Amino acid sequence: MIERGNRLALFLLLTPFLLWLMLLIILPHIQMFSISIHDRAVGGATVLSMENYTTFFSEPLYWRTFMRTAVMSLLATVLTLVIAFPIAFYIAKVCQGKAKSLLFVACLLPFWVSELVRSYGWMILLRESGLVSGFLQAIGVVDQPIELLYNDATIMVGLVYTSMLFMVVPLITTLDSLDNSLIEAGYDLGGSSWDVMREVVIPHAMSGIVAGCIVVFMLTLGNYLTPTLLGGKDSLWFTEQIFTQFITRFNWEQGSAFGILLLALSSLMVWGGLKLTRQSFVKTMG
């Protein structure tokens, strides 16, 4: 009876998650794939067809935007890791007491507002009449207003800023579990700071690194607001192509095909990252 009661309790606990997974993720993606392999025929009927996928590979604008989005998302993930790791290490292993809590809250503060507000904040700072342009003129670096928006560098700044928390949190969690005596032992055995970081800290933090990279890459790859607002109409981000097909052209078949291709890319990149780092998805996600 007790075992049966435990099973029932486990089932009841998992039911909301399973319903969420089925109704909001699995079934919509199955439906989207079904739509993507149909095409409109004469008279409004739909027929099975791979034309939507053929169109993607035959149109240079589509697959070049697709590859550009993948490369820039990967670069944003790497930059986020490079910036977030020292911050996470300092918070987890150097700070103590209230300072540790305050710094962690400081990392959370920008995320108390929506992504839209954060993106508009960057636009206010970087526009031609913004604070950065005014400051550069005031110190004599430039002699006229400069436009810092609508380029790849600005998009990258926005993506890294938007994703930072999702890299810092898993890194802090993982580094917190590292025993300080292991770091001290590394120094006692004659290791340099780089040796200790490479042989002790990074291997221990690898699960947090991989988890953070997976989350940041997938969020960046599927980001729409930041590239569109900071990069303008010519940002050439693949989610903008998906939006155009669904909302502007009402071509749900082509938009669904693009969505499935983006899902396939993110899944392939995550699988490749796990293989390269010799991590498992279950271990990485705890």
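Residues numbered from 1 in each chain as written. Predicted model: local features only at pLDDT ≥ 70, side-chain atom pairs only at ≥ 80, totals over all residues. Heavy atoms only, no water.

Colleague: How would you sum up the packing of helix α3 (residues 60-94) against helix α11 (residues 238-248)? Please name residues and give values.
Modeller: Helix packing geometry: the angle between the two helix axes and the distance between the axes. Close contact between α3 and α11 brings their axes to 8 Å; oriented N to C, the two are set at 135°. Judged by the inter-axis angle, α3 sits oblique to α11. Where α3 abuts α11, its residues Leu61, Tyr62, Thr65, Phe66 and Thr69 lie against Phe238, Gln241 and Gln245. In terms of residue class, the contact of α3 with α11 is made up of four nonpolar, four polar and no charged. (Axes fitted to C-alpha atoms, helices over the stretch in contact; angles between N-to-C directions. Helix = DSSP H or I, 4+ residues; strand = E, 2+ residues; numbered from the N terminus. Parallel < 35°, antiparallel > 145°, perpendicular 65-115°, else oblique. Contact = heavy atoms within 4.5 Å. Nonpolar A, V, L, I, M, F, W, Y, C, P; charged D, E, K, R; others polar.)

Colleague: Could you give an account of the layout of surface pockets, with specific residues and numbers?
Modeller: Quantified by volume, the largest pocket comes out at close to 400 Å³. Residue lining of the largest pocket: 14 residues in total, with His29, Met218, Gly259, Leu263 and Ser266 positioned closest to the centre. Elements represented by at least two residues in the lining of the largest pocket include exactly α1 (2-36), α9 (193-221), α11 and α12 (252-277). Among the elements that line the lining of the largest pocket, the one with the most residues is α12, at five residues. (1 Å grid on protein atoms, 1.4 Å probe; cavity = no way out; pocket = protein on both sides within 12 Å on 5 of 7 lines; lining within 4 Å. Points joined across faces, edges and corners; volume = space filled by probe spheres on them.)

Colleague: Break down the confidence of the model for the protein for me, citing the residues and quoting the values.
Modeller: Looking at the protein, pLDDT values average 86 and 95% of them are 70 or higher. Ranking the elements of the protein by mean pLDDT puts helix α13 (residues 281-284) last, at 58, and α3 first, at 93. (pLDDT = per-residue confidence, 0-100.)

Colleague: Got a sec to walk through unusual backbone geometry? Specific residues and values, please.
Modeller: Excluding glycine, most residues fall at negative phi; most peptide bonds, likewise, are trans. In this model, Tyr150 sits at a positive phi of 65°, which is unusual for a non-glycine residue. Among the structural elements, Tyr150 can be located in the loop between α6 (131-138) and α7 (152-176). Even without being glycine, Phe250 reaches a positive phi, approximately 55°. Among the secondary structure elements, Phe250 is positioned in the loop between α11 and α12.

Colleague: Got a sec to walk through the packing of aromatic side chains? Specific residues and values, please.
Modeller: The full count for this structure, using the stated rule, is twelve aromatic pairs. Ring centres 4.8 Å apart and planes at 80° place the aromatic pair Phe56 and Phe57 in the edge-to-face group. One aromatic cluster is present, built from ring pairs that chain together Phe56, Phe57, Tyr62, Phe66, Phe238 and Phe258. (Phe/Tyr/Trp six-rings, centres within 6.5 Å; stacked < 30°, edge-to-face > 60°.)

Colleague: Break down the nonpolar core for me, citing the residues and quoting the values.
Modeller: Counting 26 residues, the largest nonpolar core has Ala84, Phe85, Val168, Leu171, Ile172, Leu175 and Val201 as its most contacted members. Breaking this core down by element, the ones donating at least two residues are α3, α7 and α9. If you tally residues by element for this core, the top one is α7, at ten residues. With sequence-adjacent residues up to four places away left out, Leu171 is seen in contact with Leu81, Ala84, Phe85, Ala88, Gly208 and Ile209. If you look at the next biggest cluster of nonpolar residues, it comprises 18 residues, including Tyr62, Leu221, Phe246 and Leu262. (Core = buried A, V, L, I, M, F, W, Y, C linked by side-chain atoms within 4.5 Å. Buried < 20%, exposed > 50% of the residue type's maximum accessible area, 1.4 Å probe, protein only.)

Colleague: Please give an account of α11 that cites residues and values.
Modeller: For α11, the set of buried residues is Phe238, Thr239, Glu240, Gln241, Ile242, Gln245 and Phe246. For α11, the secondary structure elements touched by its buried residues are α2 (51-58), α3, α9, α10 (225-231) and α12. Residue Phe250 follows α11 closely and has a positive phi angle near 55°.

Colleague: Tell me what's going on with a nonpolar patch on the surface, and back it up with residues and numbers.
Modeller: There is a patch of nonpolar side chains on the surface, built from Leu10, Leu14, Phe17, Leu18, Leu19, Trp20, Met22, Leu23, Leu24, Ile26, Leu27 and Ile30 and spanning about 1,100 Å² of accessible area. Examined against the element boundaries, Leu10 turns out to sit in helix α1. (Patch = residues over 30% accessible without salt bridge, like charges linked within 9 Å, V, L, I, M, F, W, Y side chains within 5 Å. Areas by Shrake-Rupley, 256 points an atom, 1.4 Å probe, with all protein chains shown as cover. Salt bridge = Lys/Arg side-chain N within 4 Å of Asp/Glu carboxyl O.)

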